[in-house]
Structures are given as C-alpha cells and as structure tokens.
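The primary structure of each chain is shown beneath.
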Amino acid sequence: MSIDPKATRGYRNRNPGNIEHVPANKWQGLADPPSDGRFCRFTSHEFGIRALAALLVTYQDRHKLRTPRAIIERWAPKVENDTAAYIAVVARRIGVGPDDAIDLHRHDHLRPLVEAIIHHECAGLSYPAAVIDRALTLAGVPPAQPATLREVAAVTGTGRGAILVGAAGIATAVAQAAPAIQALGTLAPAVAIAVIVAAVVGVLAWRLRRPA
C-alpha cells in the first residue's frame with residue numbers, strides 16, 4: 001500500500017528531512033511549538049528544507065564528510081535505518097558513486113542530495129524546483145545566475161531564448177544602458193534603482209527581438 005507523501009510526518013511538520021528537535025539548535029523559522037514531541041516543526045517548507053541543507057553543509061565543513069556514503073551514514077545511522085539501501089538510493093538519484101566526492105557549497109551538488117533525502121524520508125515527496133531553490137538560497141547556496149540571454153529567457157519564460165551571447169552578455173546589456181544610468185545622480189535612490197532596472201530590461205528585450 002502506497003503512502004501519500006503529503007500525509008507523512010515530515011511534510012506535516014514542514015520538516016522533510018525529519019530533523020530531530022534539539023532545544024540548543026535555534027533553527028530559523030521554527031514553529032510554536034517547535035517540536036511534535038521528537039521532530040522539529042517549521043513555519044514553512046522553505047525553512048525546513050533550509051535546515052536540512054544547512055545541516056548537510058555542516059557535515060562537510062565541520063566533520064569533513066564529502067561522499068554520499070559518509071554523509072548518509074551520519075544522517076541515517078544503522079541503529080535505526082537500512083543505511084546501505086539509503087546510501088544506494090541517494091547515490092543513484094544524485095548520479096554519482098557512493099564514494100565519489102561532492103561539494104555541498106555547489107548548488108548543483110547540494111540540490112540533488114537534498115531532493116534525494118526528502119524523497120527517501122517522505123515516501124517519494126517531491127517539491128517544485130522553485131521551493132528547493134528558495135530554501136537553498138536561504139541556506140547560502142543559491143543557484144548560479146544566468147550568464148547568457150538564452151538562459152535569461154529560459155529562467156523568465158520570456159523572449160525567444162534562441163540568441164547566444166558571448167562572455168560579455170549581461171555586461172554588454174548594462175553597458176548599453178549606461179548613458180541612462182549616469183544621469184540618475186540626483187534622483188531618489190528608489191527611483192534610480194527602478195530606472196536602472198527598466199533600462200537593463202529594455203536592452204535585454206531589444207537584443208532578444210533581434211534576428212538570430
């Protein structure tokens with residue numbers, strides 16, 4: 001019989017990593033009460049995922065754990081888990097070997113590990129990518145910024161996304177907006193920022209409309 005992921009304790013607590021409550025650990029976003037009797041409760045799923053990500057980064061930085069095997073052996077000890085099966089599932093979902101080194105300060109390494117743990121802890125639970133990205137940004141490991149207009153178009157869902165820009169892509173757009181930006185010295189800060197954003201977006205949109 002399959003379990004509804006949203007009926008799991010981890011989802012209900014907005015703590016999909018099932019982090020146990022320790023009063024000394026003052027996690028951001030703890031709910032009131034902060035525990036269900038054993039596990040943390042959070043005010044949002046983003047804060048719960050942030051705590052999971054932050055704890056994994058601590059494993060790397062403080063305890064020098066850099067492989068799926070080492071990380072999961074600490075996360076899910078054999079005393080109450082089928083740790084070997086957990087390691088195998090996580091490594092397979094990440095796409096690396098159990099003893100391959102990963103860098104949890106890299107979003108593209110941390111995110112699949114976080115998603116694999118959530119999937120295992122909460123009966124196959126899967127969050128939208130935007131929720132995971134917001135949580136990892138709160139943890140200090142944001143996704144890489146788009147470097148080309150094609151990537152900008154893919155992220156924003158606007159434009160044709162078919163024009164490749166060289167290494168100077170975004171910098172060129174800002175440079176082309178520079179004449180407008182230089183005239184803003186006497187404006188209030190909020191107005192100046194709004195005008196700068198509009199100028200850069202305008203240049204980007206113009207470049208996206210140009211023939212390939």
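Small disclaimer: the values here were computed from a predicted structure and weren't measured.

In this structure, what is going on with helix α3 (residues 68-75)? I would like to understand it.
For the α-helix, the turn length of 3.6 residues means that residues three or four positions removed from each other point alike. Along α3, the residues classified as buried are Pro-68, Ile-71, Ile-72 and Trp-75. End-on, the buried residues of α3 take up no more than an arc of 90°, which puts them together on one face. On the buried face of α3, the contacting elements are α2 (45-63), α4 (83-94) and α5 (107-121).

Any chance you could explain the layout of surface pockets here in plain terms?
Taken as a whole, the largest pocket spans an internal volume of roughly 380 Å³. Around the largest pocket, the lining is made up of 19 residues, and of these Asn-18, Ile-19, Glu-20, Phe-39 and Trp-75 lie nearest the centre. Secondary-structure elements contributing two or more residues to the lining of the largest pocket are α2 and α3. Tallied by class, residues from the lining of the largest pocket come to nine nonpolar, five polar and five charged.

I tried to follow the packing of aromatic side chains on my own but got confused; where do I start?
Note on aromatic pairs: each is described by the distance of the centres and the angle between the planes. Going through the model one piece at a time under the given rule, you end up with two aromatic pairs. Judged by centre distance (6.2 Å) and plane angle (65°), the ring pair of Tyr-59 and Trp-75 falls under edge-to-face. Linking Tyr-59 in helix α2 with Trp-75 in helix α3, this pair joins segments that are 16 residues apart in sequence.

Honestly, the pairing of strand β1 (residues 30-35) in this entry has me stumped. Any pointers?
In the case of a regular strand, side chains alternate between the two sheet surfaces. As judged from the two bridges shared by β1 and strand β2 (residues 40-42), these two strands associate in the antiparallel manner. Paired with Ser-35 across the bridge in β2 is Cys-40. Hairpin remark: β1 followed by β2, antiparallel, with four residues in the connecting loop; positive phi at Gly-37, about 115°.

Whenever I open this one, the pattern of salt bridges confuses me. Can you help?
Working definition: two side chains of opposite charge can pair if their charged atoms are close together. Throughout the structure, instances matching the rule amount to eight salt bridges. Among the salt bridges present, the one from Arg-69 reaches Asp-99, with a minimum N-O distance of 2.7 Å. Note that Arg-69 is positioned in helix α3 and Asp-99 in the loop between α4 and α5, a separation of 30 residues in sequence. Residue class for Arg-69 comes out partly exposed when judged on its relative accessible area of 31%. For Glu-115, the salt bridge is made with Arg-111, and the minimal N-O distance between the two is 3.4 Å. Taken together, the residues span about one helical turn, with Glu-115 and Arg-111 both in helix α5 at a distance of four residues. Accessibility expressed as a relative area gives 25% for Glu-115, which makes it partly exposed. The partly exposed category is assigned to Arg-111, whose relative accessible area is 21%. Beyond isolated ion pairs, a larger network of salt bridges with shared partners links Glu-20, Arg-38 and Glu-80.

Cut-offs and rules
- Sequence order as written defines residue numbering, which begins from 1 separately in each chain.
- In keeping with the model being predicted, local features are shown solely for residues with a pLDDT of at least 70 and side-chain atom pairs are shown and tallied solely at 80 or more, while totals for entire chains, interfaces and linings include all residues.
- Calculation of side-chain values draws on the structure's entire complement of heavy atoms; hydrogens and water are dropped beforehand.
- Only protein chains enter the accessibility calculation, which uses a 1.4 Å probe; a residue whose area is less than 20% of its type maximum is buried, one above 50% is exposed, and one in between is partly exposed.
- Secondary structure elements follow DSSP: runs of H or I of four or more residues count as helices, runs of E of two or more count as strands, with numbering from the N terminus.
- Within this analysis, the arc is defined by the directions that extend from the helix axis to the C-beta atoms.
- Should any heavy atoms of two residues lie within 4.5 Å, those residues are considered in contact.
- Only protein atoms enter the 1 Å grid used here. Points where a 1.4 Å probe fits but cannot escape make up a cavity, open sets with protein on both sides within 12 Å along at least five of seven lines make up a pocket, and a residue lines them when an atom lies within 4 Å of a point.
- Grid points are joined across faces, edges and corners, and a volume is the space filled by probe spheres set on the points.
- Three categories are distinguished: nonpolar for Ala, Val, Leu, Ile, Met, Phe, Trp, Tyr, Cys and Pro, charged for Asp, Glu, Lys and Arg, and polar for the others, with Gly belonging to the last.
- Pairs were defined over the aromatic rings of Phe, Tyr and Trp, the Trp ring being its six-membered one, requiring ring centres within 6.5 Å. Orientation was assigned from the angle between planes: stacked under 30 degrees, edge-to-face over 60, tilted for the rest.
- DSSP-based pairing: two strands are paired if at least 2 bridges between them are found.
- Salt bridge, as applied in this entry: a Lys or Arg side-chain nitrogen positioned within 4 Å of an Asp or Glu carboxyl oxygen.

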